Amino acid sequence: SQQGEEDPQALSIQEGENATMNCSYKTSINNLQWYRQNSGRGLVHLILIRSNEREKHSGRLRVTLDTSKKSSSLLITASRAADTASYFCATVQNTGTASKLTFGTGTRLQVTL
Amino acid sequence: EAGVVQSPRYKIIEKKQPVAFWCNPISGHNTLYWYLQNLGQGPELLIRYENEEAVDDSQLPKDRFSAERLKGVDSTLKIQPAELGDSAVYLCASSLSTSGGAHEQFFGPGTRLTVL
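Residue positions are counted from 1 within each chain, in the order its sequence is given. Lettering for chains starts from A, numbering for ligands starts from 1, and both go in the order in which the items are written. Given that the model is predicted, a residue must reach a pLDDT of at least 70 before its local features are reported, and side-chain atom pairs must reach 80 or more before they are shown or counted; all residues, however, enter totals for whole chains, interfaces and linings. For the side-chain quantities, the full set of heavy atoms in the structure was used; hydrogens and water were omitted.

This part covers the overall build of chain B. A run of H or I in DSSP becomes a helix once it reaches four residues, and a run of E becomes a strand once it reaches two; helices and strands are each numbered from the N terminus. From N to C terminus, chain B includes 0 helices and 11 strands. Counting helices and strands in the order they occur from the N terminus, chain B gives β-β-β-β-β-β-β-β-β-β-β. C-alpha atoms define the radius of gyration in this analysis, and the globule rule sets the expected value at 2.2 Å times the number of residues to the power 0.38. The C-alpha atoms of chain B give 14 Å as radius of gyration, which agrees with the globular expectation for 116 residues (13 Å, within 12%). The principal-axis extents of the C-alpha atoms in chain B amount to approximately 45 × 25 × 25 Å. In chain B, buried positions account for 47% of the 116 residues. Looking at chain B alone, contacts between residues at least 24 apart form 53% of all its contacts between residues at least 6 apart. Between the mean site of the 11 positive side-chain charges and the mean site of the 14 negative ones, chain B shows a separation of 7 Å. With a 1.4 Å probe rolled over the protein chains alone, any residue whose accessible area is under 20% of its type maximum counts as buried; one over 50% counts as exposed, and the rest are partly exposed. Whether two residues are in contact is decided by their heavy atoms: any pair within 4.5 Å suffices. A positive count includes Lys and Arg, and a negative count includes Asp and Glu. His and the chain ends are not counted in either. Charged groups are reduced to one reference atom each: NZ for lysine, CZ for arginine, CG for aspartic acid, CD for glutamic acid.

Right under this line is the structure:
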């Protein structure tokens, strides 16, 4: 079952613009991760934000987390054509020593020249 | 460092036939995951191994799906017999899991299964 829902389902922007994707989830979490998936490839981890953090940056990525609203957002600044991919949020519930990742439905981002 | 390796990358079979997927995780990673990804959806966990023990197989359809991770390294996922609805991408991931940590998972490229 999918834990999160991403919004929008699809997003088309021009190179240089910013892209914002939102993720809502249902249950309490330990942390939340964002992954990118290029067409026909596996997922690549982008960034992790813990439940006690509100904002995190990594290069052109900015992630926010609002646990009271059970939502997160991923902002990609100054987008490039190479950012074209599907982006998934994954909520994490640590179970013992390993993490149980539950993915959302994804946002398909298209960056055009 | 080599990533997660999966084979085959693509598989086309007729319904009712058996099929098997193989995964070699990143060296040293103790936790291995198999996910199912339908078109336009996010991955869904099928089974999680910690070393050689299956610690979460609640989403694995056990009537036709089976998995093993002998010696706590490589893993195989088998479907027998395959049904039309099994057409999907099967992803393998691994992580180095320690107590209390937040664990990044590393994914393989997946096996795209088409059942005709």
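Time to look at the sheet that holds strand E8 (residues 75–79) of chain B. All names here are of chain B. The antiparallel open sheet is built from 4 strands, whose spatial order is E1-E3-E8-E7. Bordering the open sheet on either side are strand E1 (5–7) and strand E7 (65–68), each of which pairs with just one other strand. In this sheet, adjacent strand axes meet at a mean angle of 15 degrees when their direction is disregarded. By the convention used here, strands pair only if DSSP detects at least 2 bridges between them. Here E7 runs beside E8; their pairing, made up of 4 bridges, is antiparallel. Looking across to E8, one finds that Ser66 is bridged to Lys78. Axis definition: a line fit to C-alpha positions, over the contact stretch in the case of helices; interaxial angles, taken between N-to-C directions, run 0 to 180 degrees.

This part covers the side chain of Ser73(A). All names here are of chain A. Along the polypeptide, Ser73 turns up in strand E8 (residues 71–76). The exposure class of Ser73 is buried, given its relative accessible area of 15%. The term polar contact refers here to a pair of N or O atoms within 3.5 Å; inside protein, the definition further demands a hydrogen-donor-capable atom paired with an acceptor-capable atom, and it admits residues adjacent in sequence only when both atoms are side-chain atoms. A polar contact of 2.5 Å, which involves the side chain of Ser73, links it to the side chain of Thr64. Among residues more than four places away in sequence, those in contact with Ser73 are Met21, Asn22, Trp34, Arg62, Val63 and Thr64.

Time to look at the packing of aromatic side chains. Any two of the Phe, Tyr and Trp rings considered here, Trp counted by its six-membered ring, make a pair once their centres fall within 6.5 Å; the pair's planes then place it as stacked at under 30 degrees, edge-to-face at over 60, or tilted in between. As enumerated under the stated definition, the model contains 8 aromatic pairs over all chains in all. Centre to centre, the rings of Tyr33(B) and Tyr35(B) are 6.1 Å apart; their planes meet at 25 degrees, and the pair counts as stacked. We classify Tyr33(B) as buried; its relative accessible area is 1%. Relative to Phe107(B), the ring of Tyr35(B) has its centre 5.4 Å away and its plane inclined at 40 degrees; by these criteria the two rings are tilted. Separated by 72 residues along the polypeptide, Tyr35(B) in strand E4 (residues 31–37) and Phe107(B) in strand E10 (residues 106–107) bring together distant segments of the chain. Among the residues examined, Tyr35(B) registers a relative accessible area of 0% and is labelled buried. An aromatic cluster is built from Tyr35(A), Phe88(A), Phe103(A), Tyr33(B), Tyr35(B) and Phe107(B), whose rings are joined through pairwise contacts.

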